Amino acid sequence: MSGVGEGLGKVEVRLRWDPSPYGEPPRHLDIIAATYPVDDLYGRPAYVVHHGSRSPDGTINMSRHSETGMGFGFVEVMELEFERLSSAYGRVVAGVAIHQDGGPRTFGDMSHAGVVVVEGYRQLLADDFAQVGDATAATVAEFTRNASGGWELREMIRGFDSDPVLFTAEMGRIP
C-alpha cells in the first residue's frame, strides 16, 4: 500500500457475478485494462491486458479468471502495479466486457454483478453496474499519473454497446 502523497501502489480490480441459471449458456465477463502513452493519453492504447495476456513488463496481469461466475464472491481479479509501471505511460482505463456467446446479454441480465477496486485493505471504488444496465461493456476506473508522478484513481462508470474486441478500441476515448 502506498503512503500519503505517493499515489497508488498495487491495486486490484475485482469482479463478481452469479452463474447462469440451469440450462442456459454460461455468463462470461472479463476485466480489461488499456494503457495509454504519456504523449497520447486519449488515442490508441499502447497495449491491452485481459485474460490470457499481461503487460509487457508484468505490471498488469490477471491473477484470477472465471468463465462462469460461480457465485462465490469476486472470482476474477486483475492486479495493477502502478509503482512499477513505466513513466512512458500516463493513463490506464479499466473496464468490464460481457462475452456475447449464446445471445446478447447486458449488465441488467447479470445476477449480482459487481466490481470493486482496492489497494491493500482500502476500498477505492465499488459499483453494481445498475447505472449501465443496458450496456454490454463498461469502463469502471481511470488511473492517471499526476504532476509529481504518482497515480490517482477517478471513478469512470460508462456503458458501451459493443463486444469485447470493439470495446478495447472505444474504452479510452473521451465521452
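Right above here is the structure, for reference.
This is a predicted model, so every value here is computed, not measured.

(A) Structural view of the packing of aromatic side chains. All chains considered together, the criterion is met by five aromatic pairs. Geometrically, the ring pair formed by Y47 and Y89 is edge-to-face, given 5.4 Å between the ring centres and 85° between the ring planes. Residue Y47 is located in strand β3 (residues 47–49), and its partner Y89 is located in strand β6 (residues 89–98); the two are separated by 42 residues in the primary sequence. Relative accessible area serves as the criterion here: at 17%, Y89 is assigned to the buried category. Consider the rings of F82 and W151, whose centres lie 4.9 Å apart with planes at 35°: the pair is tilted. Pair noted here: F82 is in the loop between β5 (76–81) and β6 and W151 is in strand β10 (residues 151–160), with a separation of 69 residues, a long-range link. The pair F82 / W151 is uniform in exposure class, with both members buried.

(B) Spotlight on the side chain of E170. Within the secondary structure, E170 sits in helix α1 (residues 164–170). In contact with E170, other than residues within four places in its own chain, are R158, F160 and S162.

(C) Broad picture of the nonpolar core. If you look at the biggest cluster of nonpolar residues, it comprises 37 residues, and the most contacted ones within it are F82, V92, F107, F129, V140 and F143. If one sorts the elements of this core by residue count, β6 sits on top with five residues. Once residues lying within four places of it in the same chain are set aside, the contact partners of V140 are A94, G95, V96, V115, V117, L125, F129, E155, M156 and I157. By size, the runner-up hydrophobic cluster in this structure holds ten residues, among which are A34, A137, M156 and F160.

Calculation notes
- Residues numbered from 1 in each chain as written.
- Predicted model: local features only at pLDDT ≥ 70, side-chain atom pairs only at ≥ 80, totals over all residues.
- Heavy atoms only, no water.
- Phe/Tyr/Trp six-rings, centres within 6.5 Å; stacked < 30°, edge-to-face > 60°.
- Helix = DSSP H or I, 4+ residues; strand = E, 2+ residues; numbered from the N terminus.
- Buried < 20%, exposed > 50% of the residue type's maximum accessible area, 1.4 Å probe, protein only.
- Contact = heavy atoms within 4.5 Å.
- Core = buried A, V, L, I, M, F, W, Y, C linked by side-chain atoms within 4.5 Å.

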